[in-house]
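Coordinate analysis (summary)
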Amino acid sequence: MTNMTGGEAIIESVVANGVDTIFGIPGAQIYPLFDGIYKQKLNLIVPRHEQAAAYMAMGYAKSSGKTGTFAVVPGPGILNTTAALCTAMGNCSPVVGLTGQIPGSFLGKGRGHLHELKDQPGTLRSIIKDAFSITDPRQTEAVVNRAYATAAQGRPGPVTVEMCWDTMAAPAEFEPPAAVVPTADTPDIDLDSLAAAARMIAQARKPMIMCGAGALHASEDVSALAELLNAPVTAFRSGRGVVAEDHHLGVASLAARQLWDDCDLLIGIGSRLEMPYMRWGNYMQYESKPSSGPKLIRIDIDPAQMETFAPDLGIVGDSAHVCRLLVDRLQSLVSPAPDRLDEIARAKAVAWNALQKVQPQMAYLDVIRQVLPRDGFYVPELSQMGFTTWVGGLPVYQPRTFVESGYQGTLGYGFPTALGVKVANPDKAVVSVCGDGGFMFGVQELMTAVEFNIGVVTIVVNNHSYGNVRRDQEMGYGGRFCGSELQTPDFVKMAESFGARGYRVSTPAELKPVLATCIELDQPCLIEIQSERGQESSPWEFIHPQGTL
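Notes on the structure follow. (Residues numbered from 1 in each chain as written. Predicted model: local features only at pLDDT ≥ 70, side-chain atom pairs only at ≥ 80, totals over all residues. Heavy atoms only, no water.)

Section: the overall build of the chain
Selection criterion: Helix numbering and strand numbering both begin at the N terminus, where a helix is a DSSP run of H or I of at least 4 residues and a strand a DSSP run of E of at least 2. We compute the radius of gyration from the C-alpha atoms alone; for a globule the expected value is 2.2 Å times N to the 0.38, where N is the number of residues. Only protein chains enter the area calculation, which uses a 1.4 Å probe; residues under 20% of their type maximum are buried, those over 50% are exposed, and those in between are partly exposed. Contacts are assigned to residue pairs with any non-hydrogen atoms lying within 4.5 Å of each other. Surface exposure here means Shrake-Rupley accessible area, sampled with a 1.4 Å probe, where a residue is shielded only by the protein chains that are shown. Positive charges are assigned to Lys and Arg, negative charges to Asp and Glu, while His and the chain termini are left out of the count. Charge positions come from single atoms, namely NZ of Lys, CZ of Arg, CG of Asp or CD of Glu.
The helix and strand tally for the chain stands at 24 helices and 18 strands. Taken against the 2.2 N^0.38 rule, which gives 24 Å for 549 residues, the C-alpha radius of gyration of the chain at 24 Å falls within 12% of a compact globule. Counting the 549 residues in the chain, one finds 57% classified as buried. Long-range contacts, defined as pairs at least 24 residues apart, comprise 76% of the intrachain contacts of the chain with a sequence gap of at least 6. When the accessible area of the chain is evaluated, it comes to approximately 21600 Å², of which 51% is carbon and sulfur surface. Of the side chains in the chain, 43 bear a positive and 57 a negative charge, and the two mean positions are spaced by 3 Å.

Examining the sheet that holds strand S2 (residues 21-24)
For sheets, the rule is that strands pair by backbone hydrogen bonds, running either parallel or antiparallel. Filter applied, for reference: One bridge is not enough; two strands pair if DSSP finds at least two bridges between them. Helix axes are fitted only over the stretch in contact, all axes being lines through C-alpha atoms; the angle between N-to-C directions runs from 0 to 180 degrees.
Spatially, S3-S2-S4-S5-S7-S6 is the arrangement adopted by the 6 strands of the open sheet, whose pairing is parallel. Every other strand in the sheet has two partners, leaving strand S3 (43-45) and strand S6 (130-134) as the edge strands with one partner each. Sheet twist, expressed as the average angle between the axes of neighbouring strands with direction ignored, equals 25°. Across 2 bridges, S2 lies against strand S4 (residues 68-71) in parallel orientation. Opposite Gly-24, over in S4, you have Ala-71 as the bridge partner.

Section: the sheet that holds strand S15 (residues 430-435)
Read from one edge to the other, the open sheet built from 5 strands follows the order S14-S15-S16-S18-S17, with strand pairing classed as parallel. Strands with a single pairing partner mark the edges of an open sheet, and in this sheet they are strand S14 (377-379) and strand S17 (501-505). Direction aside, the axes of adjacent strands within the sheet are offset by 20° on average. Pairing of S17 with strand S18 (residues 525-530), which is carried by 5 bridges, proceeds in the parallel orientation. The residue bridging Val-505 from the neighbouring strand is Ile-529, located in S18.

Brief notes about unusual backbone geometry
Residues Gln-359 and Pro-360 are joined by a peptide bond in cis, for which omega reads 5°. Positionally, Pro-360 belongs in the loop between helix H15 (339-355) and helix H16 (361-371). With a phi close to 55°, Asn-230 is a non-glycine residue in the positive phi region. Here Asn-230 is to be found in the loop between helix H10 (219-229) and strand S10 (233-235).

Details of the nonpolar core
The test is simple: The term nonpolar core refers to a set of buried residues drawn from Ala, Val, Leu, Ile, Met, Phe, Trp, Tyr and Cys, joined through side-chain atoms within 4.5 Å.
Of all hydrophobic cores here, the largest spans 115 residues; its most connected members are Phe-23, Phe-70, Ile-209, Val-222, Leu-326, Phe-439 and Leu-446. Of all the elements, helix H3 (residues 50-64) adds the most residues to this core, at 9 residues. What Leu-446 contacts, discounting residues up to four positions off in sequence, is Phe-415, Phe-439, Met-494, Ala-495, Phe-498, Ala-500 and Leu-526.

Quick look at the pattern of salt bridges
The cut-off we apply is this: Note on definitions: salt bridges are taken to be side-chain nitrogens of Lys or Arg within 4 Å of carboxyl oxygens of Asp or Glu.
All chains considered together, the criterion is met by 23 salt bridges. The salt bridge partner of Arg-138 is Asp-136, with a shortest N-O separation of 2.9 Å. Among the residues examined, Arg-138 registers a relative accessible area of 70% and is labelled exposed. Between Arg-374 and Asp-246 there is a salt bridge, and its shortest N-O distance comes to 2.9 Å. On the criterion of sequence distance, the pair formed by Arg-374 in the loop between H16 and S14 and Asp-246 in the loop between S10 and helix H11 (253-260) is long-range, its members being 128 residues apart.

Some thoughts on the environment of Pro-303
Counting through the fold element by element, Pro-303 comes out in the loop between strand S12 (295-300) and helix H13 (305-308). A residue is classified by how much of its surface remains accessible, and Pro-303, at 49% relative accessible area, is partly exposed.

Quick look at the state of the cysteines
Threshold: Disulfides are defined as cysteine sulfur pairs within 2.5 Å.
With the rule as written, the count across this model stands at 0 disulfides. As a non-bridged cysteine, Cys-92 has Cys-86 as the owner of its nearest cysteine sulfur, 13 Å distant. Free of any disulfide, Cys-323 has its nearest cysteine sulfur in Cys-211, 7.4 Å distant.

Observations concerning helix H22 (residues 491-498)
Condition: Throughout, the arc means that of the directions going from the helix axis to the C-beta atoms. In protein, a polar contact means a hydrogen-donor-capable atom and an acceptor-capable atom, both N or O and within 3.5 Å, with residues adjacent in sequence counting only if both atoms are side-chain atoms; elsewhere, any N or O pair within 3.5 Å suffices.
Every buried residue of H22 is listed here: Phe-491, Val-492, Met-494, Ala-495 and Phe-498. Down the axis of H22, the smallest arc covering the buried residues is 165°, so these residues share one side. For H22, the exposed residues lying more than 90 degrees away from the buried face are Lys-493 and Ser-497. Where the residues of H22 are buried, they touch helix H19 (436-439), helix H20 (445-451), strand S16 (457-462), S17 and S18. A side-chain oxygen of the first residue of H22 lies 3.2 Å from the backbone nitrogen of Val-492; this N-cap is Asp-490. Positive backbone phi, approximately 100°, marks Gly-499, located one or two places after H22.

Focus on the packing of helix H1 (residues 6-16) against helix H7 (residues 140-152)
In plain terms, the rule: Should an angle lie under 35 degrees it is considered roughly parallel, over 145 roughly antiparallel, and from 65 to 115 roughly perpendicular; all remaining angles are considered oblique. Two helices cross in a left-handed way if the nearer one is turned anticlockwise from the farther one by less than a right angle. They cross in a right-handed way if the turn is clockwise. Three classes are used: nonpolar for Ala, Val, Leu, Ile, Met, Phe, Trp, Tyr, Cys and Pro, charged for Asp, Glu, Lys and Arg, and polar for all others, with Gly counted as polar.
At a minimum axis distance of 9 Å, the contact between H1 and H7 shows a crossing angle of 45°. The orientation of H1 relative to H7 falls into the category oblique. Where H1 crosses over H7, the two elements pack in a sense that is right-handed. Every residue of H7 that contacts H1 at Ala-9, Ile-10, Ser-13 and Val-14 is listed here: Thr-140, Glu-141, Val-144, Asn-145 and Tyr-148. Within the contact of H1 with H7, the residues separate by chemical class into 5 nonpolar, 3 polar and 1 charged.

A word on the side chain of Glu-381
For Glu-381, the location among the structural elements is in the loop between S14 and helix H17 (384-390). Although Glu-381 lies buried, it forms no salt bridge, and the closest oppositely charged side chain, Arg-237, sits 12 Å away as judged by the N-O distance. One polar contact links the side chain of Glu-381 to the main-chain amide nitrogen of Gly-412, over a distance of 2.9 Å.

Written out as structure tokens, the structure is:
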């Protein structure tokens, strides 16, 4: 037995779960937690806003597959993280948030203690996967272990762990926690469903595979299934790169749309299938199952997905495991259809040529893709450049290297998330591309990048506006611009005032050598792209296409 505070015991259990990095900001209720971080010599990254702590943990998790951890005070502190928490829920990132509570005797009394919320765990459960409370310090190890298992298993997502102020500060006797060995998350597969899926696939003439976040670890197995069928593999956001988009079967969303009308079977792997059934359909009308289109097989570890959007046939299981079993069953039933390769190549060429009208975004993205290493990370934003990447403006070559916000579409997530990506992948290039509006949501984290030498290259496209809002107001509201046009700072001087390197360019040709220099420096760098309001062509006709090109 070892005598320590509740906060120290939490950190010991966190370390037993394999954590070596925490993003966090200390405060009164969680001083013992940070004392434990100090004693354990963990890598502590201290941002300038609680929201950024959670975004960094999310970027760390999304890019590495490991669980990200952050620590902030309760009440307003944990509430400040909720934009990041709902984003992590939307893009399936395993994140654990450590926080405090008011003293135990005040719980439920409504007395108005420091940082008191009426129901902190209940509030959080409405947003995230689960919220855990350690009421008995003897249960610290069990609760922390349960939290990390919950975040990582099934459909990954964020959870929180809280402990009351007085409990966290009080010394007690604790057993040293045992190292946690993660267990494989492979539920039993229904063999009848597997056999039925194999028959459906064998009978299909032109199947297509669509991947989401649930397939990020299954690249090899998805590729084997695709190559057995010569089936195109596509994704909208999180699943991009599961099959490289320069592979003959890898297609971005606009190319996939060219193949959709002839598709007779869609195999959704770890995906909500937003692209074909919402973006290509009626985005404003909920459907519980497909009303048209090809037969649908869904492979997902989350059984609830089969009820949210019902397929013709669903298989609940780990995507890699299910794909391996399907390949084994299909080996003797199918052979690759040779004529499909020409169809796929034509679709990719048609889509790529059509996208060239989206300027200047495509010219800048082409330069970024030329300079960014194949295994480098690209973190977009809710911006004209970001929307252009959704439809294939920036080819993605490896899983996890395109770090998106998922269905939440959270403005301002990009830059702080990219910092977490770089902390998780210090030897890889990380480029964050923001608009001036979204970047300013987290501009203070430039100081974090400088202090901890987090070598993210941040590209800010300065069009002096919330560009997408301005475009919508121009097209749909008669040019009555309300709240969409912005004044912006001198981004170069601002970056330099933080201690980062600042650059300014105005053409793709100017960007190329500057970006290469910044990646080589591996230091916090900001590159401002000067742009005029309303200059960018809209990519939205390709995000919601009405048909083939």
